[in-house]
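Structure at a glance
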Amino acid sequence: MSKPVTNRPIILLFITILLASCKTKGEKSTINFSKLTDNEKRLPKNAMASMEVAEGLKMNLFASEPMIANPTNMAIDANGRVWICEGRNYRLFANPDNPYDKKGDRILILEDTDHDGVADTYKVFYQGEDINAALGIVVLGNKVIVSVSPDVFVFTDSNGDDVPDSKEIMYEGIDGVDHDHGAHAFVFGPDGRLYFNYGNRGHHLMDEDGDTIVDVHGEKVTNSRNPFQEGMAFRAEMDGSHVEVLGNNFRNPYELAIDSYGGLWQSDNDDDGNRGTRINFLMEYGNYGYKDQVTGANWRERRVGWSDSIPLRHWHLNDPGVVPNLLQTGSGSPTGMIVYEGDLLPDRYKNQLIHAEPGHNVVRSYIVGNDGAGYKARIENIVTSQDDWFRPDDVTVAPDGSLFISDWYDGGVGGHKAEDIVRGRIYHISTKEGYTPTKFDFSSGEGAAKGLLSDNMDVFYQSWQKLHALGEAAEPILARLIAKGGTAKARALWLGAKIPAMVTIYIDKSLADKDPKIRMQGIRMARYVAADKLTDYVAQVVDDSSAQVRREAAIALKYVGTPVAAELWADLAIQHRAGDRWELEALGIGADQFPDLYFEAWKSKVGDNWNTPAGSEIVWRVNAAATVPLLVDLIEDKSVSPEKLPSYFRAFHFKQSPRKNQRLLSLLTADHPQQHLIQAYAVGQLDESFVNSSSHNIRAVKKVLPGIEGTPEWLTAVKNLKIKGQDKQLFTLVASNADLALRKEAATLLFDTGGGKVVSDYFKSEAPEDSKLQVIEVLGGVNDKNAIDFLKRSLEADKFSYPLMRKVVESLGNTGDGQQILFDLLKSGKLKEVYTTSAVLKLMTSWDVKIRTEAPKYLISEENDDTDIAALEKIDGDPNAGKAVFTTYCATCHVVDGNGTDFGPGLSDIGSKLSRSFMYSSIVYPSAGINFGYEGYNVKLKDGDVLMGYILGKTEDEITLKMMGATTKAIPRKDIQSLEAMDKSLMPEGLDKVMKQQQLVDLVAYLETLKVKS
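Residues numbered from 1 in each chain as written. Predicted model: local features only at pLDDT ≥ 70, side-chain atom pairs only at ≥ 80, totals over all residues. Heavy atoms only, no water.

1. A look at the overall build of the protein
Formally: For the purposes of this entry, the term helix denotes a DSSP run of H or I that reaches at least four residues, the term strand denotes a run of E that reaches at least two, and both are numbered from the N terminus. The quantity called the radius of gyration is restricted to C-alpha atoms. Its globule counterpart is 2.2 Å times the number of residues to the power 0.38. Charge assignment: positive for Lys and Arg, negative for Asp and Glu; neither His nor the chain ends contribute. To locate a charge, the coordinates of NZ of Lys, CZ of Arg, CG of Asp or CD of Glu are taken.
Helix and strand counts for the protein stand at 36 helices and 35 strands. In terms of C-alpha radius of gyration, the protein reaches 30 Å, essentially the compact-globule figure of 31 Å for 1014 residues. Within the protein, the 142 negative side-chain charges are centred at a point lying 3 Å from the centre of the 113 positive side-chain charges.

This is the structure we're talking about:
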């Protein structure tokens, strides 16, 4: 739908760059960056002094403030000009002190007219509030596609005067407005289609009329788990039609990268602080595991067989139906990515991924190698910086094959915070001095043939369109390109397959090629332009020697669903090699739409010889009804490894069969060497309705419970099946040395089921005080009236030792009712002074505004009336002393290297992510930058209770809340009166007021030491 362009600024400014650093042209700086003051480090003239560039490369500062500010994304046109989306009006809701430009944010065009590698002119292509903090831009001929939730705009410059003549909406209704997890940039693929993604606030995709888009396979593009959820990746035609969902269940994928063969790659960010950032190869139609595929449960919610490693647990990698990750890179804030296929950079970077990682102040290459049916990768840094304000957020290829890097340049990244809105940098990386863009002729086929080999997206796009328009007349040119081999061949084959009369010839040519990458491309081509003959083409490669080719063949069968397709799938499955998770998931994706049909074809071929290492993986992954009894057979096999059992039982979660529960029940009486484990896992997978449907089932379950008592599986069973009469057993677990999270779950269940008397009796006993201390710590997150009343009585009696009493105070402060009790005692003067600090720190987190604001007055130090961050930055603190401050003020909510309480974001690598000034700002103004996923909610229950925490997961029937003390609670929706988002951070405001200045300085000094290990 075309809309008039009401905002048409055309400002051409010729300026002289006075900054000497811009003229250094990449030579090594003689400035010692570490010796500069903080103010000097911020100056553009010193920017290059902080940089370390990989061997064989030259780097220079191309542009900086005041020319640009806050670049969020970048494109380079066919003339070599750099297009920038600015984000000056970034997240004003989280940065209220930053000035707002009512004209809106800008799209700039930067140019180096004298070819010295430094921008000397710029103009404003467009400015408006409708593109505030846009996160994506691509220039394709006279079209400029801008991604800015809720819309994707297509600007058209019909006459080439750098002024948009029209503005159309391609998509709308994308959530994540003014949010990093919304719509991201588009890229143009070698098949002539558009590729893009959005983060997990995108929620849905709508057309220009506001209707939810239905993809080419008939599925609505919504965050409903029917079948899609969370972040998604897409493909569409150039006009936005024929949308196809390529992958889902990401957290926040920032930008897709596509290679000449049609392979797709991207990065994805974890829940902050969990060291789970990842790089993905996109196996199309895959589930990528951020949430439980069936229920939408958060990765923190206990499940059988989860990994001991949180970064692996984070993506549900133990679940069948989750595509493995190419690489997990630890902490970070991953952003723009490309596949570099040019010739200018050193050979080690050719055909490899290049990625901007602002969280670690680095631009990297991921050197990718084959790994069975998939891939593996290692990291090689291209640019690192001593400047912790260096925040590279995009990398783009110029027409000459050189790179440009946009730099957000800020003291921190993430959490919606913007410490600075006036600075920003663009860098140029090449192997030679200066910058002279290569010129291309798009008016002729021969000129377009040269441009087709370019890695610059606009050059490639215009060349592709010219050759495509020539149709059959382009064949001689395509033949010469194919003869070159490599990416030239791949790009030409895509174009050939788009010639209607030549489709079969080009697909056959591709499938017969000696290069497996071309054969993979041939399957992708067939899916696109010859779907009606897809099984014929798959048959040509069903026995291919390359597992990667067979991977693509399996995926291609997903939506076919014919007996012929089932036979082909079975032939592919027979060749599966045990341990190749990439191949297994490709087979699973291929069978997901027609699992019973495809699995039966495989079972008919293998017969009774199905129980092999490879066959057992097929049974585990494919969700056909017939796999349920075979899964039971695998479990009942007396030679089964105990390490395999959790995985097998987890698979039941994804399988549908009328007799699933009956078969699980039968396992409770199995005669097996691993009987104890089997009973533990089986009882936890049973459905409550089935167990309670007969007294026989109830007796069978209760009979095995004593033998598995105290295990996570036992607790799961007691909780899910609502088993009564387990008070003493639950308390035994609470008071044990088991995992703290497990003990907290047990305590919550104990009080939920009315077992509080057991706790009271325990504290009247002669049990050791250190054991009582552990129990009090566990009770810290139990939001139950009886638990709170017990803590209140303990505080008023004051008969425990100081460490135990302090823990009582902290535990009371984890609940709303407990906070009211503490506040009343504080106001009345009945709280002993020795407990005041602990009480105030907890009360500062209260949902009640009065409590939150009044409590600090009982502790505020006069020396900290006005916190001057700029002055504090100049003071060096003592990290060792700061660690003690952290333990007092921070460890009740944050974890560092496994120590502390897992409530707020983990801080193990915070020194790599935030500068000193940003750390002070985050402590003094915590509500200005709330990490996504940690937004607080007040949950008012119909019985009058109020709970506070952040939401871990939502299902149709309940929400799971994580509360102070790191306790999780599943709350039935029927019990909720209201669910209100908090306007403040769960982190208390005013910490700088209740600690001494030196404590604050020491704390920040300690946090600065928490960096990514080399």
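2. A look at the sheet that holds strand 18 (residues 264-268)
Worth spelling out the cut-off: Here, any two strands with at least 2 DSSP bridges between them count as paired.
Here four strands make up an open sheet; going across it, the order is 17-18-19-21 and the pairing antiparallel. Both outer strands of the open sheet, strand 17 (257-258) and strand 21 (327-330), are each paired with one neighbouring strand and no more.

3. Digging into the pairing of strand 16 (residues 244-250)
Put simply, the rule reads: Each residue is placed in one exposure class: buried if its accessible area under a 1.4 Å probe, protein chains only, is under 20% of its type's maximum, exposed if it is over 50%, and partly exposed if it falls in between.
Summarising burial for strand 16: seven of the seven residues are buried, a large majority. In this structure, strand 15 (residues 231-236) lies alongside strand 16, joined through five bridges in antiparallel fashion. The partner of Gly231 across the bridge, within strand 16, is Phe250. Judged from the two bridges that link them, strand 16 and strand 20 (residues 286-287) form a sheet pairing that is parallel. Its bridge partner lying in strand 20, Gly247 is registered against Gly286.

4. Digging into helix 6 (residues 486-497)
Threshold: For a helix, the expected span equals 1.5 Å multiplied by the residue count minus one. For this analysis, residues touch if any pair of their heavy atoms sits within 4.5 Å.
Between the first and last C-alpha of helix 6 there are 17 Å, a value that for twelve residues agrees with the 16 Å anticipated at 1.5 Å per step. Most of helix 6 is tucked away: eleven of the twelve residues are buried. Every buried residue of helix 6 is accounted for by Thr487, Ala488, Lys489, Ala490, Arg491, Ala492, Leu493, Trp494, Leu495, Gly496 and Ala497. Buried positions along helix 6 lie against helix 3 (445-452), helix 4 (457-470), helix 5 (475-484), helix 7 (503-511) and helix 8 (516-529).

5. Concerning unusual backbone geometry
Cis geometry is adopted by the peptide bond preceding Pro66, which originates at Glu65 and carries an omega value of 10 degrees. Relative to the assigned elements, Pro66 resides in the loop between strand 4 (58-64) and strand 5 (71-76). Residue Pro150 is reached from Ser149 by a cis peptide bond, and omega for that bond is 15 degrees. Structurally, Pro150 is set in the loop between strand 10 (143-148) and strand 11 (151-156).

6. With respect to the environment of Lys857
Along the polypeptide, Lys857 turns up in the loop between helix 30 (849-854) and helix 31 (869-873). What makes Lys857 exposed here is its relative accessible area of 55%. For the pair Lys857 and Glu688, spaced 169 residues apart in sequence, the C-alpha separation works out to 50 Å.

7. Notes on the state of the cysteines
Counted only if it meets this: Cysteine sulfur atoms are paired as a disulfide whenever they come within 2.5 Å of each other.
Enumeration according to the criterion identifies zero disulfides in this entry. Summary of cysteine pairing: Cys890 is not part of a disulfide, and the nearest cysteine sulfur, belonging to Cys893, is at 8.7 Å.

8. Details of the pattern of salt bridges
Where we set the bar: Salt bridges are identified by distance alone: a Lys or Arg side-chain nitrogen within 4 Å of an Asp or Glu carboxyl oxygen.
Taken as a whole and judged by the stated rule, the model has 54 salt bridges. Between Arg275 and Asp897 there is a salt bridge whose closest N-O contact spans 3.2 Å. With Arg275 in the loop between strand 18 and strand 19 (277-281) and Asp897 in the loop between strand 29 (895-896) and strand 30 (899-900), this pair connects stretches of sequence that are 622 residues apart. Overall, Arg275 belongs to the partly exposed group, its relative accessible area being 30%. Measuring nitrogen to oxygen at the nearest pair gives 2.8 Å for the salt bridge that ties Arg621 to Glu585.

9. Digging into the packing of helix 3 against helix 5
Formally: Axis angles are defined between N-to-C directions and span 0 to 180 degrees, where every axis is a line fitted to C-alpha atoms and, for a helix, only to the segment in contact. Angle categories are assigned with fixed cut-offs, so that under 35 degrees is roughly parallel, over 145 is roughly antiparallel, 65 to 115 is roughly perpendicular, and the rest are oblique. Should the near helix be turned anticlockwise from the far one by less than a right angle, the crossing is termed left-handed; should it be turned clockwise, right-handed. Ten residues, namely Ala, Val, Leu, Ile, Met, Phe, Trp, Tyr, Cys and Pro, are considered nonpolar, four, namely Asp, Glu, Lys and Arg, are considered charged, and the remaining ones, Gly among them, are considered polar.
Taken N-terminus to C-terminus, the directions of helix 3 and helix 5 make an angle of 30 degrees; their axes are 10 Å apart at the nearest point. Considered as vectors, helix 3 and helix 5 are oriented roughly parallel to each other. Seen along the crossing, helix 3 lies across helix 5 with a hand that is right-handed. In contact with Gly445, Glu446, Ala449 and Leu452 of helix 3, helix 5 contributes Ile477, Arg480 and Leu481. Partitioning the contact of helix 3 with helix 5 into residue classes produces four nonpolar, one polar and two charged.

10. Digging into the sheet that holds strand 23 (residues 352-357)
The antiparallel open sheet is built from five strands, whose spatial order is 3-25-24-23-22. Among the strands making up the open sheet, the edge pair consists of strand 3 (51-53) and strand 22 (337-340). Neighbouring strand axes in the sheet, compared pairwise and without regard to direction, differ in orientation by 30 degrees on average. Here four bridges tie strand 22 to strand 23, and the two strands are oriented antiparallel to one another. Paired with Val339 across the bridge in strand 23 is Leu353. Sitting on the sheet, helix 10 (residues 547-556) is in contact with strand 24 (362-371) and strand 25 (374-385), with an inclination near 105 degrees to strand 25.

11. Comments concerning the side chain of Lys842
In plain terms, the rule: As used in this structure description, the phrase polar contact means that two N or O atoms lie within 3.5 Å; if the pair is within protein, one of them must be able to donate a hydrogen and the other to accept it, and residues adjacent in sequence are counted only when both atoms belong to side chains.
Structurally, the position occupied by Lys842 is in helix 29 (residues 836-843). Nearest to the buried, unbridged Lys842 among oppositely charged side chains is Glu810, at 5.9 Å. Of note is the side chain of Lys842, whose polar atom sits 2.7 Å from the side chain of Asn814. Ignoring sequence-local partners within four residues, the contact set of Lys842 consists of Glu810, Gly813, Asn814, Gln819, Thr892 and Met964.

12. Things to note about helix 13 (residues 595-606)
We count it as follows: The arc in question is traced by the directions running from the helix axis to the C-beta atoms.
Taking 1.5 Å as the rise per residue, helix 13 with twelve residues should run 16 Å; its terminal C-alpha atoms sit 16 Å apart, in good agreement. The set of residues buried in helix 13 consists of Pro595, Tyr598, Phe599, Ala601, Trp602 and Val606. One side of helix 13 carries all its buried residues, which in axial view fall inside an arc of 155 degrees. Contact partners of the buried residues in helix 13: helix 11 (563-574), helix 12 (581-591), helix 14 (613-621) and helix 15 (627-636).

13. Details of the confidence of the model for the protein
Formally: Each residue carries a pLDDT score, the predictor's confidence in it, ranging from 0 to 100.
The share of residues in the protein with pLDDT of 70 or more is 95%, and the mean pLDDT across the chain is 91. Between residues 8-26, whose pLDDT stays under 50, and residues either more than four places distant or in other chains, the model counts 46 contacts.

14. Notes on the packing of aromatic side chains
What counts, and what does not: The pairing test for Phe, Tyr and Trp rings, Trp by its six-membered ring, is centres within 6.5 Å, and the orientation test on the planes gives stacked under 30 degrees, edge-to-face over 60, and tilted for anything in between.
With the rule as written, the count across this model stands at 38 aromatic pairs. Ring geometry for Phe599 and Trp602: centres 5.3 Å apart, planes at 45 degrees, overall tilted. Placement of the pair is Phe599 and Trp602 together in helix 13, with a separation of three residues, close to one helical turn. Phe599 gets classed as buried once you look at its relative accessible area, which sits at 1%. Owing to a relative accessible area of 3%, Trp602 belongs among the buried residues under this scheme.

15. What to know about the packing of helix 9 (residues 534-541) against helix 10
Packing of helix 9 against helix 10 brings their axes to within 10 Å, and their N-to-C directions diverge by 155 degrees. Taken together, the axes of helix 9 and helix 10 lie roughly antiparallel to each other. Two packed elements cross with a definite hand, and for helix 9 against helix 10 that hand is left-handed. Contact residues: helix 9 offers Leu534, Val538 and Val541, while helix 10 offers Val549, Arg550, Ala553 and Ala556. Looking at side-chain class alone, the contact of helix 9 with helix 10 contains six nonpolar, no polar and one charged residues.

16. What about the pairing of strand 18?
By the criterion of burial, strand 18 is predominantly enclosed, with five of the five residues buried. Both strand 17 and strand 18 contribute to a ladder of two bridges, which runs antiparallel. Paired with Ala257 across the strands is Trp265, a residue of strand 18. Hairpin geometry of strand 17 and strand 18 is characterised by an intervening segment of five residues between the two adjacent antiparallel strands and by a positive phi of about 95 degrees at Gly262. Where strand 18 and strand 19 come together, four bridges link them in antiparallel fashion.

17. Some points on the environment of Asp633
With respect to the helices and strands, the residue Asp633 is situated in helix 15. The spatial distance from the C-alpha of Asp633 to the C-alpha of Ser616 is 9.9 Å, given a sequence separation of 17 residues.

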